[in-house]
Amino acid sequence: MNNKVKLAPSILSADFAHLGEQVDEVAKAGADYIHVDVMDGHFVPNISIGIPIIDSLHRWTALPLDVHLMIEKPENYIKQFAAAGAAIITVHIEACTHIHRTLESIRELGVRAGVSLNPATPLNLIDEAIMYADLVLVMSVNPGFGGQIFIPETLNKIARLRRMLNDRHLEAEIEVDGGINVSNAPSIAKAGAQVLAVGNSIFQAKEGITKAIKRFREIRN
Ligand code: DX5
Ligand code: ZN
């Protein structure tokens, strides 16, 4: 597995009564980003967390906050998420009518702009947008919940995206999100993923957070 692959623990699976401690633990164990899942109960059938938590985390941790917006009309909230300290703001292509404008407005705020696709959304939908993206987040489960099973067809999609970016000499980072564990991580990285967003396999690991991260680090070294 490529040793440059980054780990982005997804706090959706964390214990929110001990969030600061758990974020410190993943940071100490070698996490690269903190993945923050924002859900509005409309774009996805679940509600999670929002701007105040990002604001608090930004003041708590030095790790970049990788904010995944699973919300409708994300363009209405970009400024607030940027002000709260997001390092990356990722919007869903399915939620954006004017994706070019939205990505540009994220970049104008000095934040890295990400675009995400649901499992059944074809890659060609972002064909005209990826040059304005700093990150492409490929969903490997249907968004809304942690602890789901990785959809195996995603591997082919990641490989096609890798080729698409290489062919056009684009440098957007490929992140994959959903159902990732130590067994499937090597093939996901081999297909071309550079960042793995991992929830349950880190925060709910029986062996504990630190050991779980170590196991991911072992396979990437
Ligand atoms: C799903 C979220 C994911 C989720 C991943 O809607 O976007 O980030 O937390 O969790 P696991 O790794 O448990 O599938
Ligand atoms: Zn996510």
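The sections below set out a description of the structure shown in this document. Computed from a predicted structure; not experimentally measured. (Residues numbered from 1 in each chain as written. Chains lettered and ligands numbered in written order. Predicted model: local features only at pLDDT ≥ 70, side-chain atom pairs only at ≥ 80, totals over all residues. Heavy atoms only, no water.)

## So, a positive patch on the surface
A surface patch of positive charge is lined by K28, K211, K214 and R217. Take the positive patch: its biggest share by element is 3 residues, from helix α8 (residues 209-220). Mapped onto the secondary structure, K214 falls in helix α8. Judged by relative accessible area, which is 44%, K214 ranks as partly exposed. (Patch = residues over 30% accessible without salt bridge, like charges linked within 9 Å, V, L, I, M, F, W, Y side chains within 5 Å. Areas by Shrake-Rupley, 256 points an atom, 1.4 Å probe, with all protein chains shown as cover. Salt bridge = Lys/Arg side-chain N within 4 Å of Asp/Glu carboxyl O. Lys, Arg positive; Asp, Glu negative; His and termini not counted. Charge placed at Lys NZ, Arg CZ, Asp CG, Glu CD. Helix = DSSP H or I, 4+ residues; strand = E, 2+ residues; numbered from the N terminus. Buried < 20%, exposed > 50% of the residue type's maximum accessible area, 1.4 Å probe, protein only.)

## Section: the environment of P143
Mapping P143 onto the fold places it in the loop between β6 (135-139) and α5 (154-167). Judged by relative accessible area, which is 11%, P143 ranks as buried. Residues P143 and E218, 75 residues apart in the sequence, show an inter-C-alpha distance of 28 Å. Dropping the residues within four chain positions of it, P143 is found in contact with V44, P45, M70, H92, N118 and P119. (Contact = heavy atoms within 4.5 Å.)

## Quick notes on the side chain of N118
Its place among the elements puts N118 in the loop between β5 (112-117) and β6. With a relative accessible area of 16%, N118 lands in the buried category. Other than its neighbours up to four places away in sequence, N118 contacts F43, H92, E94, M139, P143 and K157.

## Section: the pairing of β5
Each regular strand shows side chains that alternate between the opposite faces of the sheet. Extensive coverage of β5 is indicated by the burial of 5 of its 6 residues. Relative to β5, strand β4 (residues 88-92) is paired through 5 bridges, and the arrangement is parallel. Within β5, the residue paired with H92 across the bridge is S116. Handedness of the β-α-β unit built from β4, helix α4 (residues 99-108) and β5 comes out right-handed. Where β5 lies against β6, 4 bridges are found, and the strand directions are parallel. Bridging from a neighbouring strand, G114 pairs with L135 of β6. (Pairing = 2+ DSSP bridges. Right-handed = clockwise from strand over helix to strand, strands pointing away.)

## What to know about the coordination of the zinc ion (ligand 2)
The protein atoms donating to the zinc ion (ligand 2) are H35 (NE2), D37 (OD), H68 (ND1) and D177 (OD), with metal-donor distances spanning 2.0 to 2.3 Å. Viewed at the metal, the 6 donor atoms of the zinc ion (ligand 2) are separated by angles of 71 to 170°, and the geometry they form is octahedral. Mapping the donors of the zinc ion (ligand 2) onto the primary sequence gives the spacing H-x1-D-x30-H-x108-D. Placement of the pair is D37 in strand β2 (residues 34-39) and D177 in strand β7 (residues 173-177), with a sequence separation of 140 residues. (Donors = N, O, S within 2.8 Å, 3.2 Å for Na, K, Ca; no water. Tetrahedral: all angles 85-135°; square planar, octahedral: opposite > 155°, others 65-115°.)

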